[in-house]
Amino acid sequence: GAGVSQTPSNKVTEKGKYVELRCDPISGHTALYWYRQSLGQGPEFLIYFQGTGAADDSGLPNDRFFAVRPEGSVSTLKIQRTERGDSAVYLCASSPDRGGYNEQFFGPGTRLTVL
Amino acid sequence: AQTVTQSQPEMSVQEAETVTLSCTYDTSESNYYLFWYKQPPSRQMILVIRQEAYKQQNATENRFSVNFQKAAKSFSLKISDSQLGDTAMYFCAFYGGATNKLIFGTGTLLAVQP
């Protein structure tokens, strides 16, 4: 079946603009995660959804970042007033449920470049 | 807080030979999971192997195996019969029940030479 998809694959924007990044998880997966991967680093956790609710948003760096998952499937990561430091690859992952015994399946990521 | 450390930024191995990638972690939890992920240039993270902390037996997946030393908090990955397609970034990751998220190391770039 289809894996996790993310759109767009690349996004270039100007400092101060608003961007939305979309994640389509594997059908039926209740857990959805967003990670941010800066150049030369491992992915860093941003937010975790269980169903429609954000169960843990402790990784969001500040209030410019917000994510939603209104129907428990597709999720959108929203970044307001983008800054150059927001440039990174944003990865989405989904799993059948929470718990380490459930594999997290990753999408190909969105590379965000803020000029 | 949990941390994951990969002390080898880059490694190189000849095709068909064996290579070991190192990973150490720190946690106060007793129940957790450890993972090795592969990230090729396509950016897609692919699960290579997983180890449950409560299992003493080291996990094995074909050419990939781990050496899990719980007391030493060490989790190394051994790749046997290395192939050109193994060239990628490899990330060690920790998942604890108290955190419900993957915590990644900084990665090791593995180059398999023909």
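Quick summary incoming for the structure in this document. Being a predicted model, the structure only gives us computed values, none of them experimental.

Let us look at the overall build of chain A. For chain A, the count of helices and strands is 0 helices and 11 strands. Relative to the compact-globule value of 13 Å for 115 residues, chain A shows a C-alpha radius of gyration of 13 Å, a close match. For chain A, the spread of C-alpha atoms along the principal axes amounts to about 40 × 25 × 25 Å. Scored against the burial criterion, the 115 residues of chain A give a buried share of 46%. Considering only residue pairs separated by 6 or more positions, chain A has 54% of its internal contacts joining residues 24 or more positions apart. Total accessible area on chain A is roughly 5300 Å²; 47% of this is exposed by carbon and sulfur atoms.

The next subject is the interface of chain B and chain A. With 19 residues of chain B in contact, the opposing surface of chain A contributes 28 residues. Both sides of the chain B and chain A interface together cover about 1800 Å² of buried area, and 49% of this is carbon and sulfur. Among the residues chain B hides against chain A, the three largest losses belong to Arg43, Asn100 and Lys101 of chain B. Together they make up 32% of the total. Where chain B touches chain A, the interface holds 0 salt bridges. Here chain B and chain A share 8 residue pairs in polar contact (both at pLDDT 80 or more) between them. Of all the secondary structure elements, the ones that give two or more residues to the side of chain B that touches chain A are strand 5 (32–39), strand 6 (46–52), strand 10 (88–96) and strand 11 (102–104) of chain B. With 4 residues, strand 5 of chain B is the single largest residue contributor to the side of chain B that touches chain A. In terms of residue class, the side of chain B that touches chain A is built from 9 nonpolar, 7 polar and 3 charged.

This part is about unusual backbone geometry. Between threonine 7 of chain A and the following residue, proline 8 of chain A, the backbone shows a cis peptide bond with an omega angle of -10°. As for its position among the elements, proline 8 of chain A is in the loop between strand 1 (5–7) and strand 2 (10–13). Phi at arginine 43 of chain B is positive, roughly 80°, even though this residue is not glycine. Inspection of the secondary structure assignment puts arginine 43 of chain B in the loop between strand 5 and strand 6. For lysine 73 of chain B, which is not glycine, the phi torsion reads 55° and is therefore positive. Among the structural elements, lysine 73 of chain B can be located in the loop between strand 8 (64–69) and strand 9 (74–79).

Our next topic: the pattern of salt bridges. When their charged atoms lie close together, side chains carrying opposite charge are able to pair. Residues and elements named next belong to chain A. Here the structure, examined in full by the defined rule, presents 6 salt bridges over all chains. Across the salt bridge formed by arginine 22 and aspartate 24, the nearest N and O atoms sit 2.7 Å from each other. Its relative accessible area of 39% is what places arginine 22 among the partly exposed residues. We classify aspartate 24 as partly exposed; its relative accessible area is 23%. It is possible to trace a salt-bridge network through shared partners that takes in Arg64, Glu83 and Asp86.

Analysis parameters
Residues numbered from 1 in each chain as written. Chains lettered and ligands numbered in written order. Predicted model: local features only at pLDDT ≥ 70, side-chain atom pairs only at ≥ 80, totals over all residues. Heavy atoms only, no water. Helix = DSSP H or I, 4+ residues; strand = E, 2+ residues; numbered from the N terminus. Rg over C-alpha atoms; globule rule 2.2 N^0.38 Å. Buried < 20%, exposed > 50% of the residue type's maximum accessible area, 1.4 Å probe, protein only. Contact = heavy atoms within 4.5 Å. Areas by Shrake-Rupley, 256 points an atom, 1.4 Å probe, with all protein chains shown as cover. Buried area = accessible area lost by both parts, 1.4 Å probe. Salt bridge = Lys/Arg side-chain N within 4 Å of Asp/Glu carboxyl O. Polar contact = N/O pair within 3.5 Å; in protein donor to acceptor, adjacent residues only side chain to side chain. Nonpolar A, V, L, I, M, F, W, Y, C, P; charged D, E, K, R; others polar.

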